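# A closer look at the structure
Chain by chain, the residues:
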Amino acid sequence: MPAPGENLRINAARLWDSLDQMAQIGPGIAGGNNRQTLTDADSEGRHLFARWCRDADMTMGVDTMGNMFATRAGTDPKALPVYMGSHLDTQPTGGRYDGVLGVLGALEVVRSLNDLGIQTKHPIVVTNWTNEEGARFAPAMLASGVFAGLHTEDYAKSRRDPDGKAFGEELARIGWVGDEKVGARKIHAMFELHIEQGPILEAEGKTIGVVTHGQGLWWLEITLTGKDAHTGSTPMNMRVNAGLGMARVTERVHQIAMSHQPNAVGAVGQVKVYPNSRNVIPGKVVFTVDIRSPELTKLEAMKSEVIRAAHAVAAELGLGVEIEDVGHFDPVTFDVGLVSLVRQSAEKLGYSYQNIVSGAGHDACWINRVAPTVMIMCPCVGGLSHNEAEEISPEWAAAGTDVMLHAVLEVAEVVG
Ligand code: HGY
Ligand code: MN
Ligand code: MN
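Before going into details, it helps to say that this report is about the structure given with it.

A few words on the pattern of salt bridges. Any two side chains of opposite charge can pair, given that their charged atoms come close. In the structure shown here, the tally under the stated rule is 14 salt bridges. Note that E108 is salt-bridged to R14, the shortest N-O span being 2.8 Å. Here R14 lies in helix α1 (residues 12-23) and E108 lies in helix α3 (residues 100-116), a separation of 94 residues in the sequence. Its relative accessible area of 0% is what places E108 among the buried residues. The salt bridge partner of D40 is R173, with a shortest N-O separation of 2.8 Å. Placement of D40 in helix α2 (residues 40-55) and of R173 in helix α6 (residues 167-173) is noted, with a sequence separation of 133 residues between them. Overall, D40 belongs to the exposed group, its relative accessible area being 53%.

On to the pairing of strand β7 (residues 208-214), then. The buried fraction of β7 is high, at six of seven residues. Two strands pair when backbone bridges link them, and β7 and strand β15 (residues 353-358) are joined in this way by six bridges, in the parallel orientation. Bridge assignment links G209 to a residue of β15, and that residue is Q354. Examined bridge by bridge, β7 and strand β16 (residues 373-378) share three bridges and lie antiparallel to one another. Residue pairing in the sheet places G209 in a bridge with M377 of β16. With two bridges joining them, β7 and strand β14 (residues 332-333) adopt antiparallel strand pairing. Its bridge partner being in β14, H213 is matched across the sheet by T333.

One broad rule of soluble globular proteins: the nonpolar side chains tend to lie buried together. Grouped together as the largest cluster of nonpolar side chains are 101 residues, with contacts concentrated most on M84, L104 and F191. Among the elements that line this core, the one with the most residues is helix α12 (residues 394-412), at twelve residues. Leave out the neighbours within four places in its chain, and L104 touches L15, S18, L19, M22, F49 and W52.

Around a metal, the ideal angle is 109.5 degrees if four donors adopt a tetrahedral arrangement and 90 or 180 degrees if six donors adopt an octahedral arrangement. Coordination of the manganese ion (ligand 2) by the protein is provided by H87 (NE2), D98 (OD) and H194 (NE2), with metal-donor distances spanning 2.1 to 2.3 Å. Sequence positions of the donors to the manganese ion (ligand 2) reduce to the motif H-x10-D-x95-H.

Coordination of the manganese ion (ligand 3) by the protein comes from D98 (OD), E133 (OE), E133 (OE) and H386 (NE2), over a distance range of 2.1 to 2.5 Å. Spacing between the donor residues of the manganese ion (ligand 3) along their common chain follows D-x34-E-x252-H. Taken as a pair, the manganese ion (ligand 3) and the manganese ion (ligand 2) show a spacing of 3.5 Å, with D98 coordinating each metal. On the criterion of sequence distance, the pair formed by D98 in the loop between β3 (82-86) and α3 and H386 in the loop between β16 and α12 is long-range, its members being 288 residues apart. We classify D98 as buried; its relative accessible area is 4%.

Looking at the secondary structure, you find V268 in strand β10 (residues 265-274). In this structure, V268 is in contact with T250, F287, T288 and V289, ignoring residues within four places of it in sequence.

What follows is about the site of ligand 1. Looking at ligand 1, the residues that line it are E132, E133, A140, W219, R292, A360, G361 and H386. With respect to ligand 1, the side chain of E132 contributes an N or O atom lying 2.9 Å from a nitrogen atom. Here an oxygen atom of ligand 1 sits 2.6 Å away from a polar atom, N or O, in the side chain of R292. The fraction of the free accessible surface of ligand 1 (210 Å²) that becomes covered by protein chains is 96%. Split into classes, the residues belonging to the shell around ligand 1 amount to three nonpolar, two polar and three charged.

On to the sheet that holds strand β12 (residues 284-293), then. Across the sheet, which stays open at both edges, the four strands sit in the order β10-β12-β8-β13 with antiparallel pairing between neighbours. Every interior strand has two partners, whereas the edge strands, β10 and β13 (320-329), have only one. Strand-to-strand twist of the sheet, defined as the mean angle between neighbouring strand axes without regard to direction, takes the value 15 degrees. Here β10 pairs with β12 via nine bridges, running antiparallel. By the bridge assignment for β12, V265 is matched with R292. Relative to β12, helix α8 (residues 242-259) is tilted by about 5 degrees, and along the sheet it contacts β8 (216-225), β10 and β12. Relative to β8, helix α9 (residues 296-317) is tilted by about 5 degrees, and along the sheet it contacts β8, β10, β12 and β13.

The rules behind each value
- Residues numbered from 1 in each chain as written.
- Chains lettered and ligands numbered in written order.
- Predicted model: local features only at pLDDT ≥ 70, side-chain atom pairs only at ≥ 80, totals over all residues.
- Heavy atoms only, no water.
- Salt bridge = Lys/Arg side-chain N within 4 Å of Asp/Glu carboxyl O.
- Helix = DSSP H or I, 4+ residues; strand = E, 2+ residues; numbered from the N terminus.
- Buried < 20%, exposed > 50% of the residue type's maximum accessible area, 1.4 Å probe, protein only.
- Pairing = 2+ DSSP bridges.
- Core = buried A, V, L, I, M, F, W, Y, C linked by side-chain atoms within 4.5 Å.
- Contact = heavy atoms within 4.5 Å.
- Donors = N, O, S within 2.8 Å, 3.2 Å for Na, K, Ca; no water.
- Near = heavy atom within 4 Å.
- Polar contact = N/O pair within 3.5 Å; in protein donor to acceptor, adjacent residues only side chain to side chain.
- Areas by Shrake-Rupley, 256 points an atom, 1.4 Å probe, with all protein chains shown as cover.
- Nonpolar A, V, L, I, M, F, W, Y, C, P; charged D, E, K, R; others polar.
- Axes fitted to C-alpha atoms, helices over the stretch in contact; angles between N-to-C directions.

So, to be careful, I would describe these as geometric facts and stop short of saying anything about function.
The following block contains the structure:
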């Protein structure tokens, strides 16, 4: 059994095969995945993950938000466990690796420790957080947010998808309501391996992203109310066009983000137009603004400017306007000690690395509120994610998982 020296590596082929098997569940239409949270496909993926954990001699716990916790025993059952994990749910047109790499990479760490007969003092827990994406039920990182005390369980279970289905009912329907109290678990340290979902690591030729911070975000759901009318016979000066209002606000969101460069982004990704008929002027539009920055002052300034712009456009066009916060977290600073450990692990293993700020939100951003937390990133091709063409290399997947293996062994304390 090699000592946890630089020659200790995970089984890259087995990891890649598991990623490929999971990708068969909830296939997309272009090679990616549509395994949205609390769907039957999500449940099928959960069962596969649970079976793999059983095969790796782990015991499974599930909390009342459906968060899954597979435990590998340590030599000291009273020692707080070291957690690794991410999410198995995907966007509707998602990739195979967003979230999934973090869950199955963590499982591969355990499988490799089993192969090598390495024991640790601290138990090790592999986690699948429910509804990280927030695509079907907003906000994102919903269940890790309940775990960290940012949302109440009632709020989370009341969230509805575009078809009006409630989170709590869907979780019960797929049979994944566990018996553990959410947030009762105490965590010694939490590691999340994730693809970068941006172009920096690949462009810089770096294999490992040492994630020092995560940018903050606001999701503002804006409802503009005008008047349905005939697109042909209604004179232009008599229109109360909510669709026009949405278009103007969308342009303003882009201008606001551009005015706060560098390190600011903004877009509108979800739009619901009513009645959504070709020859009816939209009487109502509901759309979500997504603005982000690693700098709190910029984030807050952008939020105020977007709200002001929405009211100004509504006044110009005689529209009603309602704005609801449907997601928010401030910029995140990860645990300095764990960040150094990730950097040292990459160095020991001979992988190129650089510090990076996460552009996307992750469950780690919430868990960082309740336990020392860090992220490890690997590149993705062209920086593309939230797109079925999302791609990584087996080498990148293995390198990120190797770094997590070594960092976790340091914290979990190898015995014997
Ligand atoms: O929105 C995000 O950043 C994450 O992908 N849920
Ligand atoms: Mn993700
Ligand atoms: Mn995602």
